Amino acid sequence: QIQLAESGGGLVQAGGSLRLSCVASGHSVSGHAISDHAMGWFRQAPGKEREFVASTAWVADYRHYSPSVQGRFTVSRDSNKNTLYLQMNALKPEDTAVYYCAVALYSDYLRRGAVDYWGQGTQVTVSS
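Residues numbered from 1 in each chain as written. Predicted model: local features only at pLDDT ≥ 70, side-chain atom pairs only at ≥ 80, totals over all residues. Heavy atoms only, no water.

Caption draft 1: Seen up close, the nonpolar core. Residues Leu-4, Met-39, Trp-41, Leu-86, Met-88 and Tyr-99 are the most contacted members of the largest nonpolar core, which totals 27 residues. Elements supplying a minimum of two residues to this core: β1 (2-7), β3 (18-26), β4 (38-44), β5 (51-57), β7 (73-78), β8 (83-88), β9 (97-104) and β11 (122-127). The contacts of Leu-86, once residues within four sequence positions are left out, are Leu-18, Arg-19, Leu-20, Trp-41, Val-53, Ala-54, Phe-73, Thr-74, Val-75 and Tyr-99. (Core = buried A, V, L, I, M, F, W, Y, C linked by side-chain atoms within 4.5 Å. Buried < 20%, exposed > 50% of the residue type's maximum accessible area, 1.4 Å probe, protein only. Helix = DSSP H or I, 4+ residues; strand = E, 2+ residues; numbered from the N terminus. Contact = heavy atoms within 4.5 Å.)

Caption draft 2: Main features of the sheet that holds β3. Strand order in the open sheet formed by 4 strands is β1-β3-β8-β7, and the pairing between neighbours is antiparallel. Each edge of the sheet is formed by a strand with only one pairing partner; in this case those strands are β1 and β7. Strand-to-strand twist in this sheet, taken as the mean axis angle between neighbours without regard to direction, amounts to 20 degrees. With 6 bridges joining them, β7 and β8 adopt antiparallel strand pairing. For Thr-74, the partnering residue across the bridge sits in β8 and is Gln-87. (Pairing = 2+ DSSP bridges. Axes fitted to C-alpha atoms, helices over the stretch in contact; angles between N-to-C directions.)

Caption draft 3: Broad picture of the state of the cysteines. As enumerated under the stated definition, the model contains 1 disulfide in all. What pairs with Cys-22 in a disulfide is Cys-101, and their sulfur atoms sit 2.1 Å apart. In this structure, the disulfide formed by Cys-22 and Cys-101 twists by about -85 degrees around the S-S bond and is classed as left-handed. Linking Cys-22 in strand β3 with Cys-101 in strand β9, this pair joins segments that are 79 residues apart in sequence. Exposure remark for Cys-22: the relative accessible area of 0% places this residue in the buried category. With relative accessibility at 0%, the residue Cys-101 sits in the buried group. (Disulfide = S-S within 2.5 Å.)

Caption draft 4: The arrangement of the environment of Gly-71 in detail. By secondary structure assignment, the location of Gly-71 is in the loop between β6 (63-65) and β7. Since its relative accessible area comes to 78%, Gly-71 is described here as exposed. Residues Gly-71 and Ala-90, spaced 19 residues apart in sequence, show a C-alpha to C-alpha distance of 9.4 Å.

Caption draft 5: Inspection of unusual backbone geometry at higher detail. Not every positive phi belongs to a glycine, and Asn-82 is a case in point at roughly 50 degrees. Looking at where Asn-82 falls in the secondary structure, it is placed in the loop between β7 and β8. Even without a glycine there, the phi angle at Ala-90 is positive, about 50 degrees. Relative to the helices and strands, Ala-90 is located in the loop between β8 and β9.

Here you go:
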């Protein structure tokens, strides 16, 4: 299966920035290469349901954002390194959550929560 290694979480003040990274490795059980998959980010705040944040396809300029982060967050990828990034700017206290890297074969499936592989999560805390 595919393993996802996340990094970049931490504590920042409101208005600050963080850059999350997710390195994918291994092999898909479907037989598809990692580069064939869509990747994205979800987050879950204490007492809240897990929600979609942003996603991108590996081989196409096809990106989606939750309305709550659009204009502040940017998702990107480095296909040569199988690495997904989330640049988070103008952070707000309500962005505080555990952020999870996610992989799915189809971007539409991923955005709906039909995720094939999850990362372990990285904590993002935004202080007021």
